[in-house]
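Listed below are the residues making up each chain.
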Amino acid sequence: MPISAASRGGRGKGVGLGLALLSALAFGGSGVAAKPLIEAGLDPLHVVWLRVAGAAVVMLPLAVRHRTLPLHRPALLAGFGLLAVAGVQACYFAALSRIPVGVALLVEYLAPALVLGWVRFVQRRPVTRAAAVGVVLAAGGLACVVEVWSGLGFDALGLLLALGAACCQVGYFVLSDQGSEAGERAPDPLGVIAYGLLVGALVLTAVARPWTMDWSVLAGSARMNGTTVPAVALLAWTVLVATVVAYVTGVLSVRRLSPQVAGVVACLEAVIATVLAWVLLGEHLSAPQITGGAVVLLGAYIAQSSAPVKGAAEPVAAGGGAERELSARGTAA
């Protein structure tokens, strides 16, 4: 029995949501591994450099495999490396030095709303009202998760840096979606990630100056909620799971969903990070944080359930190009 386009679209959307959730889980686990390393004596910027540079080395074989990609899409690779990799990390950590963590995280996760603005006013593509409601709910719930009211020290430069991280995160979602409508001519997402990490590692090398890092910390151990853990094991998790797996699943999810829907689901990263910190680091959740997490989940659900995948009849920006390609092939056959 032939499979309808709607069935293929629904299955593709389900896979995309699964990838987006896995990406949020992987990204959300970065903090619980990075914090013990920082407390063991590493500078936060050095942890970021280790994370990106290590992931770039892991993805190097894919960069070699797609060695012609820089010739065809140099702007895409440079933009992904500068914005989606180096920009988000550098701006966020710089903001943390001037404003509270909760405020910085909330401002950074205004990105889904900015993505909607990009889609609506720059690309001039309509978005669903429910997707916008989902963004508002997710942002409000996120404010509760990070307990933004616990510290609202106003620092203009700090807030500007956090907003810069949000804009760079918009670049991550938008650039991840580039080429998804080109079918077989679309740039391979793994190649884009590999070269993006290489570009990001080069930029962060100039910023972080790893030659000043205390490398002996990696040969020792760190403390995670009273438990001794090898520092190299925490670094391996940060590189392999919180960076490689996170970026791969994240980019693939945007290709199958849309920047705005994947952006809202990505808000779950803050919820996941908070829960993991509760379980692994002993940082207990308050009632407002639990409530906020539930609101973020509700917002993510509303946004993803209301927006059709790409290739659907509605003229709403969403979903991956894989389904459209399959549909086109079926028509041609």
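*Asks:* Even after reading the chapter, I still don't get the overall build of the protein chain, so can you show me in this structure?
*Replies:* Tallying secondary structure elements over the protein chain gives 16 helices and 2 strands in all. When each of the 333 residues of the protein chain is scored for burial, the buried share is 51%. Summarising the internal contacts of the protein chain: among those between residues at least 6 apart in sequence, 85% fall at separations of at least 24.

*Asks:* Where do I start with a nonpolar patch on the surface in this structure?
*Replies:* On the surface, Leu110, Leu114, Leu157, Leu160 and Leu163 cluster together into a nonpolar patch covering about 400 Å² of accessible area. No other element matches the 3 residues that helix 10 (residues 156-176) contributes to the nonpolar patch. Among the structural elements, Leu163 can be located in helix 10. Under the relative-accessibility criterion, Leu163 is labelled partly exposed at 36%.

*Asks:* It is not clear to me how the pairing of strand 1 (residues 221-224) should be interpreted in this structure. Could you clarify?
*Replies:* Looking down a regular strand, the side chains alternate between one sheet face and the other. In strand 1, alternate side chains face the same way, and those of Ala222 and Met224 are buried while those of Ser221 and Arg223 on the opposite face are not. Bridge count between strand 1 and strand 2 (residues 227-230): 4 bridges; the pairing is antiparallel. Each residue of the ladder has a partner; that of Met224, found in strand 2, is Thr227. Taken together, strand 1 and the strand that follows it, strand 2, pair antiparallel across an intervening segment of 2 residues, in which Asn225 is found at a positive phi of about 55°.

*Asks:* What should I look at first to understand the packing of aromatic side chains in this one?
*Replies:* One pass over the full model with this rule turns up 7 aromatic pairs. Look at Phe27 and Tyr172: their rings are 6.5 Å apart centre to centre, the planes differ by 90°, and that puts the pair in the edge-to-face class. Placement of the pair is Phe27 in helix 1 (residues 5-28) and Tyr172 in helix 10, with a sequence separation of 145 residues. Take Tyr172: its relative accessible area is 6%, and that puts it in the buried class.

*Asks:* Explain helix 12 (residues 231-256) here, please?
*Replies:* The periodicity of an α-helix, 3.6 residues per turn, causes residues three or four positions apart to be oriented the same way. Its 26 residues give helix 12 an end-to-end C-alpha distance of 36 Å, which sits within 8% of 38 Å, the value for a rise of 1.5 Å per residue. Ala246 marks where helix 12 bends most, by close to 30°.

*Asks:* I'm lost on the nonpolar core in this one. Help?
*Replies:* For soluble globular proteins, nonpolar side chains are generally found buried alongside one another. Of all hydrophobic cores here, the largest spans 60 residues; its most connected members are Leu42, Phe80, Tyr172, Ile193, Leu197 and Tyr247. With 10 residues, helix 12 is the largest single contributor of residues to this core. The next biggest cluster of nonpolar side chains, apart from the first, holds 22 residues, and it includes Val135, Val148, Ile272 and Val296.

*Asks:* Help me understand the packing of helix 2 (residues 30-39) against helix 14 (residues 268-281) in this model?
*Replies:* Two packed helices can be described by the angle between their axes and the distance between those axes. Interhelical geometry of helix 2 versus helix 14 gives an angle of 50° and a closest axis separation of 8 Å. Taken as axis vectors, helix 2 and helix 14 run oblique relative to one another. Across the interface between the two elements, Val32, Lys35 and Pro36 from helix 2 touch Ala273, Leu276, Ala277, Leu280 and Leu281 from helix 14. In the contact of helix 2 with helix 14, the residues fall into 7 nonpolar, no polar and 1 charged.

*Asks:* How do you make sense of the environment of Pro189 when you look at a structure like this?
*Replies:* Position of Pro189 among the secondary structure elements: in helix 11 (residues 189-208). Take Pro189: its relative accessible area is 14%, and that puts it in the buried class. Once the C-alpha coordinates of Pro189 and Val251 are considered, the two residues, 62 residues apart in sequence, prove to be 6.8 Å apart. Once you skip the residues sitting within four places of it in the chain, Pro189 turns out to touch Val251, Leu252 and Arg255.

*Asks:* How do you make sense of the side chain of His46 when you look at a structure like this?
*Replies:* You can see His46 is positioned in helix 3 (residues 44-58). On the basis of relative accessibility, which here comes to 9%, the residue His46 falls in the buried class. Leave out the neighbours within four places in its chain, and His46 touches Ala208, Arg209, Pro210, Thr212 and Met213.

*Asks:* Sorry if this is basic, but what is going on with the confidence of the model for the protein chain here?
*Replies:* Any segment with low pLDDT has predicted coordinates that should not be analysed in fine detail. Confidence in the prediction of the protein chain, expressed as mean pLDDT, is 78, and 80% of residues score 70 or more. Contacts for the low-pLDDT stretch residues 1-8, under 50 throughout, to residues beyond four places or in other chains number 5 contacts. Every residue in residues 308-333 scores below 50 in pLDDT, and together they form 55 contacts with partners more than four places removed in sequence or on other chains.

*Asks:* Help me understand the side chain of Ser176 in this model?
*Replies:* Looking at the element boundaries, Ser176 is found in helix 10. Overall, Ser176 belongs to the buried group, its relative accessible area being 1%. Setting aside its immediate chain neighbours within four residues, Ser176 contacts Phe80, Gly171, Val251, Val254 and Arg255.

*Asks:* When you look at unusual backbone geometry in this model, what are you seeing that I'm missing?
*Replies:* Negative phi is the rule for most residues except glycine; trans is the rule for most peptide bonds. The backbone phi angle of Arg209 is positive, close to 50°, even though this residue is not glycine. Mapping Arg209 onto the fold places it in the loop between helix 11 and strand 1. With a relative accessible area of 47%, Arg209 lands in the partly exposed category.

*Asks:* I'm lost on the packing of helix 2 against helix 3 in this one. Help?
*Replies:* Two elements in contact, helix 2 and helix 3, have axes separated by 10 Å at closest approach and are oriented at 130°. In this view, helix 2 runs oblique relative to helix 3, as classed from their interaxial angle. At the point where helix 2 passes helix 3, the crossing takes the right-handed sense. Here Ser30, Ala34, Leu37 and Ile38 of helix 2 lie close against helix 3, whose contacting residues are Pro44, Val47 and Arg51. For the contact of helix 2 with helix 3, the class distribution of residues is 5 nonpolar, 1 polar and 1 charged.

What counts, and at which threshold
Residues numbered from 1 in each chain as written. Predicted model: local features only at pLDDT ≥ 70, side-chain atom pairs only at ≥ 80, totals over all residues. Heavy atoms only, no water. Helix = DSSP H or I, 4+ residues; strand = E, 2+ residues; numbered from the N terminus. Buried < 20%, exposed > 50% of the residue type's maximum accessible area, 1.4 Å probe, protein only. Contact = heavy atoms within 4.5 Å. Patch = residues over 30% accessible without salt bridge, like charges linked within 9 Å, V, L, I, M, F, W, Y side chains within 5 Å. Areas by Shrake-Rupley, 256 points an atom, 1.4 Å probe, with all protein chains shown as cover. Salt bridge = Lys/Arg side-chain N within 4 Å of Asp/Glu carboxyl O. Pairing = 2+ DSSP bridges. Phe/Tyr/Trp six-rings, centres within 6.5 Å; stacked < 30°, edge-to-face > 60°. Expected span 1.5 Å × (residues − 1). Bend = angle between axes of the 7 residues up to and from the residue. Core = buried A, V, L, I, M, F, W, Y, C linked by side-chain atoms within 4.5 Å. Axes fitted to C-alpha atoms, helices over the stretch in contact; angles between N-to-C directions. Parallel < 35°, antiparallel > 145°, perpendicular 65-115°, else oblique. Nonpolar A, V, L, I, M, F, W, Y, C, P; charged D, E, K, R; others polar. pLDDT = per-residue confidence, 0-100. Left-handed = near helix turned anticlockwise from the far one by under 90°.

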